[in-house]
Amino acid sequence: MAAATPLSATRVGDGSAPVDWIDVARLMHLSRALDAVEEQRLLPEGKLFYQFSARGHDLAQLLLAQQLTHPADAVDGYYRSRPMMLGLGLDPEEALAGPLMKLGGFSDGRDIGVVFNLARREGPKMLPMCGGVGAQYTPIAGWAQALTYRHRSLGEPCEEAMAVAMGGDGSCATNGFWSALNIATTQRLPMLFFIEDNGYGISVPATLQSPGGNIAANLASYAGLGVFDGDGTAPDAAAALIGEAVRHVRERRGPAVLRVTVPRLSGHSAQDTQAYRPATELEAQARRDPLIRLHDCLVPARMSETAWREQAEAARVEVEAGLERALARPVLSPDQVTRFVFSDPREAQQVGGLRGAGITPPAGKHEVHAQPGRINMLAAIRRTLDAELACNERMVVFGEDVAAKGGVHGATLGLAERHGAQRVFDTSLNEEGIIGRAVGMAMAGLLPVPEIQFRKYADPAEEQLNDCGTVRWRTGNRFAAPVVVRMPGGFFRCGDPWHSQTGEVKWAHAVGWKLAFPSNAEDAVGLLRSALRGDDPVIFFEHRSLLDAASARRPYPGDDYVLPFGQARVVRPGDDLTIVTWGAIVARAEQACSALEKQGAGQVELIDLRTLVPWDRACVLESVNRTGRCLIVHEDNLTAGFGAEVAATITDQAFFALDAPVRRLAMADIPSPHSPALLNAVVPSAHDIERGARELLEF
Ligand SMILES: Cc1ncc(C[n+]2csc(CCOP(=O)(O)OP(=O)(O)O)c2C)c(N)n1
Ligand SMILES: [Mg+2]
């Protein structure tokens, strides 16, 4: 455990400058006044629903905030991090507008007020916090990795900037904490884990979160990690300890964890009576109140009692005035509540993605410039990644085995050699880390293109994927994280419950994701480039059976070719029945349509949706209005599969044109079976489609 070192003044922000104690005291009073007005007035009056007091945690946070002065610094905190926000410049009106659900307040009433963010082009930022404990860690690790990239590869002055994750003792048990620790130490990132240990996660004692109840002690032998541990309520010692930890990170001696012990002077939240805590414990911790300790440390040595009292009164007045202004603010107009799920070309986000960095990628061309020969879908994807890496220095490709091996499917073969180890790199085997890091990198102005090795293995990243999709909406377009996630999956000769699921409907249901599911090499190029030059998070599904399928081979359509999302392809025209499908089923459906035509059973119109979010409703409805019959076929499970969405839309909007029921043909509601004999029995075959289509034609 590192010992505290005396303060010696050099530069602000590197941990060795003298603390501005007068400002620390001012902000302590402000933080307490905010807590008081919420706890004593606004909650009892029913004006807010959530209140998480920071009393006890405040001093340590404010001491850390004073060190965060580099313009590229960023923090990701949690619901108890308001003192840090005050230290970064949050004013009381904005602080209260959030919990009061008013316009402004960092989410315009969309998110709970204690879940802050601080979006500004210049100066330290607070990345959007999440309600999920532990979800803050991997995005800020991504920010830290982006700092290294921005310095080394883009020449930006980030060599002393740092990233800070703030969390409680309970959060040290989460997947996110361990994922981020793994990333920060293996990549030697400029990242500080600031752990405020108040001994409890709601009512669960810290000993059930970390063995022995001290995460810092447990991490003492973790390779590549600076470990600091001390009392977060002892003003001088805490300031010295925090300064030392910050210096460790800024001087690029590696990541660090700093555990500060703090009292939780209120219940977990305003509703929590703390009945589970012994009275003696509550009395003992009241004596550790950092406000009292700060007073005893500053008065009279550094300020007079009168000045202290004046500060407290000034804070009370400032909060009252802020409250009045916050209460007078309007609420967001309800007709705006569905805005900002996706990017709005009229209004760029403040932070995140290329547009947040003030960069507009080239639009690309919609015309195909077919090159001689046909390439398979795998080569098409690789070539598109290669071309975009060459023209966009902010793009980075990463995942498990993507560098030296070139990906287990081969999509990134040779890219690391061509574009360098900074831009195409292997990660640890940690999907939450892969996606969470991508989110933070996108917020730092890069274009992250992570690969999830097999679709099923996105499961550990589910939380980060969900939070990534909603971040633009949650923050009212202040932040966005446009990442392009490549995700191979689906059957390939055989099936199995691990490598062969498609499960694409999850991404259609999740908020904020666009979803591409190409069936051939040309579409793969156009859709992938569209995604890489777009401004929204995209799941790019690569069907394993199509990567080298003859049916999917096409000429390369050119280095500028883009295919907009939401434009289905009419694979073959017909007036008797519409078949709607996508991905690997397209080729099977084509066979079925040819067979039906040869038999004289009817002319079937085959539609390949190409993208599921957005999906081309107009194309499908126009077709069904003509044919009066529709069969939807997919590989994903039947129940609540995307076919249900298409069917519901048709019955709602083309009901009077229908001459037959809308039918779905899909995988039975089981995981993909391994044996080809079993697989073929449950994935719709050309023969199954032919039979299903004939039934509808004859209906
Ligand atoms: C993933 C997740 N699980 C459970 C919860 C409910 N929850 C909110 S706060 C909390 C305890 C967190 O304790 P700690 O990290 O020590 O922070 P503290 O509140 O003590 O500052 C729990 C269980 C949640 N928000 N997220
Ligand atoms: Mg705690």
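Note that the coordinates shown come from a computational prediction; the quantities given were computed from them, not determined experimentally.

## Some words on the overall build of the chain
- Of regular secondary structure, the chain possesses 23 helices and 20 strands.
- Its C-alpha atoms give the chain a radius of gyration of 28 Å, within 12% of the compact-globule value 27 Å for 699 residues.
- Overall, the C-alpha framework of the chain stretches about 100 × 55 × 45 Å when taken along its three principal axes.
- In the chain, buried positions account for 56% of the 699 residues.
- Here the analysis covers contacts within the chain between residues at least 6 apart in sequence; of these, 79% occur between residues at least 24 apart.

## Some details on the sheet that holds strand β15 (residues 569-572)
- Taken together, 5 strands build an open sheet; the order of strands is β15-β17-β16-β19-β20 and the sheet is mixed. The sheet is open, and its two borders are formed by β15 and β20 (663-667), each paired with just one other strand. The mean inter-strand angle of the sheet, taken between neighbouring strand axes irrespective of direction, is 25 degrees.
- Note that strand β19 (residues 630-637) and β20 share 5 bridges and pair parallel. Across the sheet, residue Leu631 finds its bridge partner in β20, namely Arg663.
- On the sheet, helix α19 (residues 585-598) packs against β15, β16 (577-581), β17 (604-608) and β19 and is oriented at approximately 170 degrees with respect to β17.

## What about unusual backbone geometry?
- Cis geometry is adopted by the peptide bond preceding Pro300, which originates at Val299 and carries an omega value of 5 degrees.
- Topologically, Pro300 is positioned in the loop between α10 (290-298) and α11 (305-328).
- With omega at -5 degrees, the peptide bond leading from Val613 into Pro614 counts as cis.
- For Pro614, the location among the structural elements is in the loop between β18 (611-613) and α20 (617-627).
- Phi is positive for Arg252, close to 60 degrees, though the residue is something other than glycine.
- By the element assignment, Arg252 lies in the loop between α8 (235-250) and β8 (256-261).

## Some points on the sheet that holds β8
- Spatially, β2-β1-β3-β4-β8-β7 is the arrangement adopted by the 6 strands of the open sheet, whose pairing is parallel. Every interior strand has two partners, whereas the edge strands, β2 (125-126) and β7 (226-231), have only one.
- Note: strand β3 (residues 163-168) against strand β4 (residues 191-197), 6 bridges, orientation parallel. When the bridges of β4 are listed, Met166 appears paired with Phe194.
- Sheet contacts for helix α5 (residues 137-152): β1 (74-76), β3 and β4; angle to β3, the most-contacted strand, approximately 165 degrees.

## Quick word on the packing of helix α1 (residues 21-42) against α11
- Across the interface, α1 lies against α11 with an axial gap of 8 Å and an inter-helix angle of 45 degrees. On the basis of their axis angle, the class for α1 and α11 is oblique. Considering the relative orientation of α1 and α11, their crossing is right-handed. Contact residues: α1 offers Ala25, Arg26, His29, Leu30, Ala33, Leu34 and Val37, while α11 offers Trp308, Gln311, Ala312, Ala315, Arg316, Glu318, Val319 and Leu323.
- Classifying every residue of the contact of α1 with α11 gives 10 nonpolar, 2 polar and 3 charged.

## So, α8
- Helix length check: α8, at 16 residues, gives a terminal C-alpha distance of 22 Å against a target of 22 Å (1.5 Å per residue), a fit within 8%.
- Buried residues dominate α8, accounting for 13 of its 16 residues.
- Where α8 ends, the next residue or the one after it, Arg252, has phi of about 60 degrees, a positive value.

## Some remarks on the site of ligand 1
- Near ligand 1 lie 15 residues; those nearest to it are Val133, Gly168, Gly170, Ser171 and Gly201.
- For the shell around ligand 1, the secondary-structure elements that each account for two or more residues are β3 and β5 (200-201).
- The residue makeup of the shell around ligand 1, split by class, is 3 nonpolar, 10 polar and 2 charged.

Calculation rules
Residues numbered from 1 in each chain as written. Chains lettered and ligands numbered in written order. Predicted model: local features only at pLDDT ≥ 70, side-chain atom pairs only at ≥ 80, totals over all residues. Helix = DSSP H or I, 4+ residues; strand = E, 2+ residues; numbered from the N terminus. Rg over C-alpha atoms; globule rule 2.2 N^0.38 Å. Buried ≥ 20, exposed ≤ 12 C-beta atoms within 10 Å, placed from the backbone. Contact = placed C-beta atoms within 7 Å. Pairing = 2+ DSSP bridges. Axes fitted to C-alpha atoms, helices over the stretch in contact; angles between N-to-C directions. Parallel < 35°, antiparallel > 145°, perpendicular 65-115°, else oblique. Left-handed = near helix turned anticlockwise from the far one by under 90°. Nonpolar A, V, L, I, M, F, W, Y, C, P; charged D, E, K, R; others polar. Expected span 1.5 Å × (residues − 1). Near = placed C-beta within 6 Å.

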